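Here is what each chain is made of, one letter per residue.
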Amino acid sequence: MENITPATNPLLDFAQPLRFSAILPEHIAPALDQVLAQNRGELEGLVTTARPYTWDNFAQPIEDMRERLSRLWSPVSHLHAVMDSAPLREAYNAGLPKITDYFTELAQDERLYAGYKSIAGSTEFAHLTQAQKKIIDNSLRDFRLAGAELPPPKKARFKELQKELAALTSKFSENVLDATQAWDLCITNEMDLTGLPESARAMAQQSAQEKNLKGWRFTLEAPSYIAFMTYADRRDLRQQMYQAFVTRASDQGPHAGKWDNSELIVRLLKLRREVAQLIGFNNYAEYALQTRMAKTVPEVMDFLRDLARRAKPAAQKDLDELKRFARENHGVPQLEAWDIAYYSEKLQQVRYQISQEDLRPYFPQTQVVPGMFEVVKRLYGLEIVEVKNIETWHADVRFYEIRDRDGEVRGRFYMDLYARANKRGGAWMDECINRKRTPRGVQVPVAYLVCNFSGPVGDRPALFTHDEVTTLFHEFGHGLHHMLTKVDYVGVAGINGVAWDAVELPSQFMENWCWEREALNLIARHYQSGQPIPDDLYEKMIAAKNFQSGMQFVRQLEFSLFDMRLHSDYDPQTDKSVQQLLDEVRAEVAVIIPPAFNRFQHGFTHIFAGGYAAGYYSYKWAEVLSADAFSKFEEKGVFDRATGLEFMQNILEQGGSHEPMELFKRFRGRTPKIDALLRHSGLTA
Ligand SMILES: [Zn+2]
């Protein structure tokens, strides 16, 4: 293979800052092939010549190889997300399987496992830093969980299981997708649209036009479905819509049996159990918890049940209120599943008289972004300044630098706030460059912060909703975790190696400042008058914050308990069906018992097709951590610098170098308590 150079291929130019405009789709395959070939070659060299294995001759070079690949692929996958084009997508998709193959190869390479084991058993190990030790320990753990200790026949079975599981999960989500797309509700009489806001009608009209239909087309895609269920006055149509939605990919409803996931669910559960038992665990939940902050199944079950016990009375109260409201104000004697969202919206309007739109004029980008930087300055003593004349991928993107109190540059980030064509929806933080120590000094971490807010119009600055401001703070929290790390080894720097049920701590934590008056005075000013949010509006906003929080709480707990029980005490060989188990869980924690035809589980892609198997509890787990961490600021003052520095030094700077419980205890002085979350959610008596 001809050796290509950074001069001819900008993807191989790791100098800073990146030259985004020079990166072309045709650069991707050659650069990727070269880096993979180079990594494979170096790896062969390592395992055949390095003896005895040490950090410097073995573990560090492997870290460097991983980093080289991530430096190359990060801008590719980023551009694919924010500036997509047909040729770029093609090159990106062609690269993905090469990367997957490479990582599968590494995960199964027993020579690597032997290398890490030999370092762990050497006299050198005791002299390594905590971060280095953690990288070795994590690697050994991951090899074991991937079957490295198994005798050959079991190892072969393990690989077979992984393959079949991958096929089953992908089939599961295909079924849900097909069932979602197969059904629609086409309305030709405008009278049937009463109650629906203009935005929902416009979306439905466009959807009809795309299908060459007259009128308005509503689908089972979330934005369309949610809008219809929330606003449409026609109860019979809401019922039809509900029935189609909750029976997707099942034995019930309009397409009963067509994309039925029933057997896939049972098969998936059986195989996951077999995987766990091959490695030596009783069930899949025990296996999955090996890499988490929560350590045992009873710990998670107790956690969920304790929350359920406390939240259920509030949830029951929410539901009773809603029933009474529907009966007294709208003459509805019996509230059905397809009425919940509809009357909830009406109740909320009557009670709080506030909408996201009312707050928008107070959140101009020109106030929110500098205000957020001011919050971070007060908390951590950090200065954030814009660096001009840096090449980016779009004119709207800004580039910033973070300096600490000692003047040290701690991180840099790109901020891309506005929605546009060919940009993926949602909001996220992604790693561009990781911190690490090099012979030339520390490599400063760089982050991408991406949102999809509506942009400025004419001379008027972009105006955000409060939800959007909260999203921005959330992603910035992830960004600070990535950028403020002081760990010098990529494998556990920033968010790397952080247990999955703890990684949302810094992000959810930041959201708290969006509700504090003192902080809002920094981030919210009317874009014309310059006035802060008036007291009456602020009070409405706070009052509306916990509307139906009891009901939302137990719904999350129902999903979490169902997931945890399915992957622990439920044995797919027994005669109890998955539906029976779900019914049991609902009887225990839910206040809304759906109709018998409801097949929620058949569309539960989080656990059957995503990464959340035995992990749905993480949402609540991380909320407890972030609320409890914030409560220390409530005690000491929301801008107490000493507490801010403690959070920065004990959590943000440490990355994945220690167990998350250890770090939490260092900051809070004790193990997490659920009190703050209950209080913030309005669930304390
Ligand atoms: Zn997050």
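So, a few notes on the structure that sits alongside this text. Quick caveat: nothing in here was measured; it's all calculated off a predicted structure. (Residues numbered from 1 in each chain as written. Predicted model: local features only at pLDDT ≥ 70, side-chain atom pairs only at ≥ 80, totals over all residues. Heavy atoms only, no water.)

**Notes on the overall build of the protein chain**
Working step 1: For the protein chain, the count of helices and strands is 26 helices and nine strands.
Working step 2: Against the globule reference of 26 Å for 685 residues, the protein chain gives a C-alpha radius of gyration of 26 Å, in line with a compact fold.
Working step 3: Within the protein chain, the proportion of its 685 residues that are buried is 53%.
Working step 4: Taking the contacts inside the protein chain whose residues are at least 6 apart along the sequence as the reference set, 72% of them involve residues at least 24 apart.
Working step 5: Looking at the protein chain as shown, the accessible area adds up to about 30000 Å², and 50% of this sits on carbon and sulfur atoms. (Helix = DSSP H or I, 4+ residues; strand = E, 2+ residues; numbered from the N terminus. Rg over C-alpha atoms; globule rule 2.2 N^0.38 Å. Buried < 20%, exposed > 50% of the residue type's maximum accessible area, 1.4 Å probe, protein only. Contact = heavy atoms within 4.5 Å. Areas by Shrake-Rupley, 256 points an atom, 1.4 Å probe, with all protein chains shown as cover.)

**Quick notes on the environment of Thr 48**
Working step 1: Among the secondary structure elements, Thr 48 is positioned in helix H1 (residues 25-49).
Working step 2: According to the relative accessible area criterion, Thr 48 is exposed, its value standing at 56%.
Working step 3: Sequence separation of Thr 48 and Arg 679 is 631 residues, and the distance between their C-alpha atoms is 59 Å.
Working step 4: A polar contact of 2.5 Å, which involves the side chain of Thr 48, links it to the backbone oxygen of Glu 44.
Working step 5: Here Gly 45 takes part through its backbone oxygen, which lies 3.3 Å from a polar atom of the side chain of Thr 48. (Polar contact = N/O pair within 3.5 Å; in protein donor to acceptor, adjacent residues only side chain to side chain.)

**Some thoughts on the pattern of salt bridges**
Working step 1: For the structure on display, the rule yields 56 salt bridges.
Working step 2: Two residues, Glu 584 and Arg 565, come together in a salt bridge whose shortest N-O distance is 3.1 Å. Of this pair, Glu 584 sits in helix H21 (residues 578-589) while Arg 565 sits in helix H20 (residues 549-566), placing them 19 residues apart in sequence.
Working step 3: Owing to a relative accessible area of 9%, Arg 565 belongs among the buried residues under this scheme.
Working step 4: For Arg 670, the salt bridge identified is with Asp 628, shortest N-O distance 2.8 Å. Separated by 42 residues along the polypeptide, Arg 670 in the loop between helix H25 (660-668) and helix H26 (675-680) and Asp 628 in helix H23 (residues 618-636) bring together distant segments of the chain. (Salt bridge = Lys/Arg side-chain N within 4 Å of Asp/Glu carboxyl O.)

**Comments concerning the environment of Leu 128**
Working step 1: Secondary-structure assignment places Leu 128 in the loop between helix H4 (110-120) and helix H5 (130-145).
Working step 2: Given a relative accessible area of 9%, Leu 128 falls into the buried group.
Working step 3: In the structure, Leu 128 is positioned 111 residues away from Gln 239 in sequence and 63 Å away in space, judged by C-alpha atoms.
Working step 4: Each residue touching Leu 128, except ones within four places of it in the same chain, is listed here: Trp 55, Ile 119 and Lys 133.

**Examining the nonpolar core**
Working step 1: Core analysis: the largest hydrophobic core is formed by 146 residues, its most contacted members being Phe 363, Tyr 380, Phe 413 and Trp 513.
Working step 2: Those residues in contact with Phe 363 that lie beyond four places of it in its chain are Val 368, Ala 462, Leu 463, Phe 464, Thr 465, His 466, Val 469, Leu 520, Ile 523, Ala 524, Arg 525 and Ile 533.
Working step 3: Within the second largest apolar cluster, 59 residues are counted, among which are Ile 23, Val 35, Phe 399 and Val 446. (Core = buried A, V, L, I, M, F, W, Y, C linked by side-chain atoms within 4.5 Å.)

**Comments concerning the coordination of the zinc ion**
Working step 1: The coordination sphere of the zinc ion contains the protein donors His 474 (NE2), His 478 (NE2), Glu 504 (OE) and Glu 504 (OE), at a distance range of 2.1 to 2.8 Å.
Working step 2: With four donor atoms in place around the zinc ion and angles of 51 to 142° between them, the coordination shape is irregular. (Donors = N, O, S within 2.8 Å, 3.2 Å for Na, K, Ca; no water. Tetrahedral: all angles 85-135°; square planar, octahedral: opposite > 155°, others 65-115°.)

**Describing the packing of helix H2 (residues 55-82) against H4**
Working step 1: Two elements in contact, H2 and H4, have axes separated by 10 Å at closest approach and are oriented at 130°. Here H2 lies oblique to H4, going by the angle between them. You can see that H2 and H4 cross each other, and the crossing is left-handed. Contacts between H2 and H4 involve Trp 55, Phe 58, Ala 59 and Ile 62 from the former and Arg 111, Leu 112, Gly 115, Tyr 116 and Ile 119 from the latter.
Working step 2: Split by residue class, the contact of H2 with H4 holds seven nonpolar, one polar and one charged. (Axes fitted to C-alpha atoms, helices over the stretch in contact; angles between N-to-C directions. Parallel < 35°, antiparallel > 145°, perpendicular 65-115°, else oblique. Left-handed = near helix turned anticlockwise from the far one by under 90°. Nonpolar A, V, L, I, M, F, W, Y, C, P; charged D, E, K, R; others polar.)

**Concerning helix H6 (residues 152-182)**
Working step 1: With 31 residues, H6 extends 45 Å from end C-alpha to end C-alpha; this agrees with the ideal 45 Å at 1.5 Å per step.
Working step 2: Of all the residues in H6, the buried ones are Lys 155, Phe 158, Leu 161, Leu 165, Leu 168, Thr 169, Phe 172, Asn 175, Val 176, Ala 179 and Thr 180.
Working step 3: Buried residues along H6 sit against H4, H5, helix H10 (262-279), helix H11 (284-288) and helix H22 (605-608). (Expected span 1.5 Å × (residues − 1).)

**As for the sheet that holds strand E5 (residues 409-418)**
Working step 1: Read from one edge of the open sheet, five strands run E3-E4-E5-E9-E6, paired in mixed fashion. Only two strands of the sheet have a single neighbouring strand rather than two, namely strand E3 (383-386) and strand E6 (428-433). Each adjacent strand pair in this sheet contributes to an overall mean axis angle of 25°, direction not counted.
Working step 2: Strand direction decides the pairing type here: E6 and strand E9 (residues 446-453), joined by five bridges, are antiparallel. For Glu 431, the partnering residue across the bridge sits in E9 and is Ala 447.
Working step 3: Packed on one face of the sheet, H2 meets E5, E6 and E9 and runs near 145° to E6. (Pairing = 2+ DSSP bridges.)

**Observations concerning the packing of aromatic side chains**
Working step 1: The full count for this structure, using the stated rule, is 48 aromatic pairs.
Working step 2: Taking 6.0 Å as the distance between ring centres and 75° as the angle between the ring planes, the aromatic pair formed by Trp 393 and Tyr 448 counts as edge-to-face. Of this pair, Trp 393 sits in the loop between E3 and strand E4 (398-403) while Tyr 448 sits in strand E9, and the two are 55 residues apart along the sequence. An identical accessibility class is assigned to Trp 393 and Tyr 448; each is buried.
Working step 3: By the ring-pair criterion, three or more aromatic residues cluster together here, those being Trp 500, Phe 559, Phe 562, Phe 600, Phe 604, Tyr 612, Tyr 616 and Tyr 619.
Working step 4: Directly above the ring of Phe 245 sits Arg 248, whose terminal nitrogen or CZ lies 4.0 Å from the centroid.
Working step 5: Of note, Arg 424 hangs over the ring of Trp 428, and the distance from its end group to the ring centre comes to 4.7 Å. (Phe/Tyr/Trp six-rings, centres within 6.5 Å; stacked < 30°, edge-to-face > 60°. Lys NZ or Arg CZ within 6 Å of the ring centre and 35° of its normal.)

**Notes on the pairing of strand E2 (residues 216-219)**
Working step 1: Residues Trp 216 and Phe 218 of E2 are buried on one face, and the alternating residues Arg 217 and Thr 219, pointing to the opposite face, are buried as well.
Working step 2: As paired elements, strand E1 (residues 184-187) and E2 share four bridges and run antiparallel to each other. Pairing of Leu 185 across the sheet is with Phe 218, part of E2.

**Some remarks on the pairing of E4**
Working step 1: Note that E3 and E4 share four bridges and pair antiparallel. Paired with Val 385 across the bridge in E4 is Glu 401.
Working step 2: In terms of strand pairing, E4 meets E5 through six bridges, oriented antiparallel. Residue Glu 401 lies in a different strand from E5, and its bridge partner there is Arg 412.

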